[in-house]
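Given next are the chains, with one letter for each unit.
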Amino acid sequence: MPDPLSPNHGPRRLGARPDLVVIHYTAMTSHDEALARLCDPAAEVSAHWLISGAGKVTELVPEARRAWHAGAGRWGAVEDVNSRSIGIELYNRGDHPFAGPQMAALETLLAGILARWSIPPERVIGHSDMAPGRKDDPGPRFDWRRLARHGLSVWPQPKPARGPQPSPSGFDAAARGFGYTAEVTHAQRLAAFRLRFRPRASGPVDATDMALIADLAARFPVDRGAPAP
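The following refers to the structure shown. On a predicted model such as this, the values are computed, not experimentally measured, just so you know.

Some details on the packing of aromatic side chains
Following the criterion strictly, the structure yields nine aromatic pairs and no others. Pairing Trp 75 with Tyr 180 gives two aromatic rings, centres 5.1 Å apart and planes at 75°, and the pair type is edge-to-face. With Trp 75 in the loop between β5 (66-67) and β6 (85-90) and Tyr 180 in the loop between α5 (168-178) and α6 (186-197), the pair connects residues that are 105 residues apart, well separated along the chain. Taken individually, Trp 75 and Tyr 180 each receive the classification buried, so the pair is uniform in this respect. A centroid spacing of 5.2 Å and a plane angle of 85° characterise the contact between Phe 98 and Phe 142, whose relative ring orientation is edge-to-face. One end of the pair, Phe 98, is in the loop between β6 and α2 (100-117); the other, Phe 142, is in the loop between α3 (127-130) and α4 (144-149), with 44 residues separating them in the sequence. Residue classification places Phe 98 among the buried residues on the basis of a relative accessible area of 11%.

As C-alpha cells, then:
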C-alpha cells in the first residue's frame, strides 16, 4: 500500500471502528490549496478523502486510521468523532454549488465506504450536524436529498396528519433523539437542522420543523445498533 499523502493521522482510539461518515467543504480558493493544507504537518488537519470539483478522488489517509477532520463536537453518544468516522472533504469555497461530477464521485465513494464498514445511511452527516454553532459545512447548497435518493443518507418523510405542536423543548427532544447534541443552545441546534433540511427557513421553530424532526427521530434513532463509545 502506498504511503498516505497526509502525515496528519494516528491510530483510532480504544480500537474504535468507523461507524460515521462526516462530509465537509474545504472553504478554500482552490483544490490544490486545500490539498496542500490537508497534507501540511503544521496545519494538523486532514481527512481520509478529498474530491475536486471535476470529480477527482484523492485518498489522503487510510480509512483504518484516525484522520484529524472533525474537531470538537459529537453525534449521539459519540464524542471522539475522529476515532469513529471517515472524513470526506469536497472542494468548495462555500459560496457556489457543488459540481455534478463531484457529486457523482462522492456517491460512488460513499457507496463503497458504507459497504466496507457496514455504516447505515443515517450515519452519514455533515460537519455542521456534529458541531452546531461552530461549523456550517457542507452548507446550504449541498444536495442532501440527492444522496438520500441513492440510499447514501436520509431525508425526512413526515406524515400528512398534524404532528406535534411546535415548541423549543419538543424540537430539542426529537433533535437529540436523531443525534444532535444537547451541549448547544436551542437556537444553534435549530440552525444546524435547518441548514441541512430547510436552508431557506427562518424564525422560531414551527410545525414543519417539528414534523420533519419527529419523523427523523422516529425512523432513525441515533446509535441504534452502533457500537458503544
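Looking at the side chain of Ser 83
With respect to the helices and strands, the residue Ser 83 is situated in the loop between β5 and β6. Judged by relative accessible area, Ser 83 falls into the buried class, the value being 2%. Dropping the residues within four chain positions of it, Ser 83 is found in contact with Arg 12, Arg 13, Ala 16, Arg 17 and Arg 66.

Looking at α2
Look at α2: 26 Å from first C-alpha to last across 18 residues, which is about the 26 Å you get at 1.5 Å a residue. Those residues of α2 that fall on the buried side of the exposure criterion are Gln 102, Met 103, Ala 105, Leu 106, Glu 107, Leu 109, Leu 110, Ile 113, Leu 114 and Trp 117. Looking at the buried residues of α2, the elements they touch are β2 (20-25), β3 (49-51), β4 (57-59), β6, β7 (124-126) and α4. Phi turns positive, to about 55°, at Ser 118, one or two residues after α2.

What counts, and at which threshold
All chains use their own residue numbering, which begins from 1 and follows the written sequence. Residues qualify for local features only when their pLDDT is at least 70, as the model is predicted, and side-chain atom pairs are given and counted only at 80 or more; totals for whole chains, interfaces and linings, by contrast, use all residues. Calculation of side-chain values draws on the structure's entire complement of heavy atoms; hydrogens and water are dropped beforehand. Pairing of aromatic rings covers Phe, Tyr and the six-membered ring of Trp, with a centre-to-centre limit of 6.5 Å; geometry is then stacked below 30 degrees between planes, edge-to-face above 60, and tilted otherwise. The helix count covers DSSP runs of H or I at least four residues long, the strand count covers runs of E at least two residues long, and both are numbered beginning at the N terminus. For every residue, the accessible area obtained with a 1.4 Å probe (protein chains only) is divided by the maximum for its type, and the residue is called buried under 20%, exposed over 50%, and partly exposed between those limits. Here a residue-residue contact requires only that any non-hydrogen atoms of the pair lie within 4.5 Å. Multiplying 1.5 Å by the helix residue count minus one yields the expected span of that helix.

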